[in-house]
Amino acid sequence: MKVLVVGGGGREHALCWKLKRSPSVSEVVCAPGNAGIKRDARCVAVGAEDIDGQVRLARAEQPELIVVGPEVPLVLGLADRLRAFGFSVFGPDQAAAELEGSKSFSKVLMAEAGVPTARFEVHTDANLAEHTIREWGAPIVIKASGLAAGKGVIVADDVEDAVLVARDMLAGNSFGKAGSQVVVEECLVGEEASCLFIVSGDMILPLASSQDHKRLLNGDGGPNTGGMGAYSPAPCVTPDVADMVLEQIARPTIAALKARGIEFVGTLYAGVMLTADGPKALEFNVRFGDPECQPLMSRLKSDLGRVLLAAARKELDGATLEWEDQTALCVVIASDGYPGSFEKGQIIGGLDAVEEAGAAVFHAGTREEDGHIVNIGGRVLGVNALGATVAEAQKTVYAALEHLDWPGGFYRKDIGYRAIAREKSLN
Ligand SMILES: Nc1ncnc2c1ncn2[C@@H]1O[C@H](COP(=O)(O)OP(=O)(O)OP(=O)(O)O)[C@@H](O)[C@H]1O
Ligand SMILES: [Mg+2]
């Protein structure tokens, strides 16, 4: 079959790479794609957020399956538009995408469904938000309710900081409309994991566990980013934990949506905190995580095209997924200055040598200019490898990265450190 993938980041490169290797797939088209995706798909220059353009492209290409990668087109209703033309789409409708598009919607739904999550209040008035912040005290978490590309959450150690952040969000300064509602949350303590599910109506198929590193700097310091590295499986997600996340978080959420007349078809991503009181939901996303998608696709043995088509057609019953036993680890290479401003158009060299050293390179913010690969985004590359242990996978990635020739790029040097410490303590 022919598959159209919407998007052009590292997640979409990993999806296109895997789809190209799926026995059920004969052709992969990606819009807009990037310089690396070109190796695995035919790229068409239509932006992921150009909803009319994507609909036109789908009608011209007539793919048997459309996979919408990023959250923005889902929240803008691309899946609804495509389904209206009869396409098989993997990705939720606009109403279901609110689980990610509105943190206040998501938290209220969680409360309704009895999903374990941090205590919270939703505010639109700065004085009322301040009152709650002062009453609850620090540490405290302030979230812009709308989409903010992974940067709209501040974990404040200081009440005055928290008040300023909330006021700034509500004034529309930091995140525009996305900050017109803020969620004030109790600060949870524990290890974080990403638990993803392929959902198709009532059917919920768990993916392997993964863990990402959202903070910019080594040792999980600095601001939150879209994600600086990830690995799968996450050793902290034991079979018991995975089962609790499925039964206490994913299932009741999908059921609560259904009770509101909303059906979910696509990836449900539960960000969970493994607290002393058990797993608690931090948030939902409605698409594969990026970078988590990269190690997941590196480990997936099953035919991705077949599974996603079955989900899109509500024929997921009985489907299973097989995974490599090995650990996959991904390190993100970002442009100096990210998540702030950075210089675009810098030439990136050494990519062939990185791959010859045993790593797979997935592209995110890259473009080809005059035969060179250049950076056009904040997160630019994901360098991936498999290994018998997290430590081995990490060693391969960092050794391969010695060959990267890009002075204007940077990456964390410690991706996987928690899992490696756990491995060491077991040996
Ligand atoms: N209640 C909480 N207690 C402690 N830390 C939290 C809490 N909520 C969020 N965080 C921290 O902030 C990070 C980002 O929060 P959240 O996942 O809600 O934001 P996001 O911007 O939607 O992230 P993503 O880019 O993964 O979608 C979390 O991964 C976690 O580290
Ligand atoms: Mg999110």
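What counts, and where the lines are drawn
Residues numbered from 1 in each chain as written. Chains lettered and ligands numbered in written order. Predicted model: local features only at pLDDT ≥ 70, side-chain atom pairs only at ≥ 80, totals over all residues. Heavy atoms only, no water. Donors = N, O, S within 2.8 Å, 3.2 Å for Na, K, Ca; no water. Buried < 20%, exposed > 50% of the residue type's maximum accessible area, 1.4 Å probe, protein only. Pairing = 2+ DSSP bridges. Helix = DSSP H or I, 4+ residues; strand = E, 2+ residues; numbered from the N terminus. Axes fitted to C-alpha atoms, helices over the stretch in contact; angles between N-to-C directions. Salt bridge = Lys/Arg side-chain N within 4 Å of Asp/Glu carboxyl O.

(A) Up close: the coordination of the magnesium ion (ligand 2). Distances from the magnesium ion (ligand 2) to its protein donors, Glu 283 (OE) and Asn 285 (OD1), fall within 2.0 to 2.2 Å. For Glu 283, a relative accessible area of 13% translates into the label buried. The class of Asn 285 is buried, set by a relative accessible area of 5%.

(B) Inspection of the sheet that holds strand β16 (residues 265-275) at higher detail. On the basis of which strands lie adjacent, the open sheet formed by four strands has the order β11-β10-β16-β17 and antiparallel pairing. Since the sheet does not close on itself, it has two edges, and those belong to β11 (203-206) and β17 (278-285), each with one partner. With direction set aside, neighbouring strand axes in the sheet form an average angle of 35°. In this sheet, β11 lies alongside strand β10 (residues 191-200) in antiparallel orientation, the contact comprising four bridges. Residue pairing across strands places Val 199 opposite Ile 204, the latter belonging to β11.

(C) Looking closely at the pattern of salt bridges. Following the criterion strictly, the structure yields 28 salt bridges and no others. We note a salt bridge from Arg 134 to Glu 160, for which the minimum N-O separation is 2.9 Å. Here Arg 134 is found in helix α7 (residues 126-136), whereas its partner Glu 160 is found in helix α8 (residues 159-170), with 26 residues between them in sequence. Under the relative-accessibility criterion, Arg 134 is labelled partly exposed at 39%. Glu 160 gets classed as partly exposed once you look at its relative accessible area, which sits at 44%. With a closest N to O distance of 2.9 Å, Arg 422 and Glu 191 form a salt bridge.

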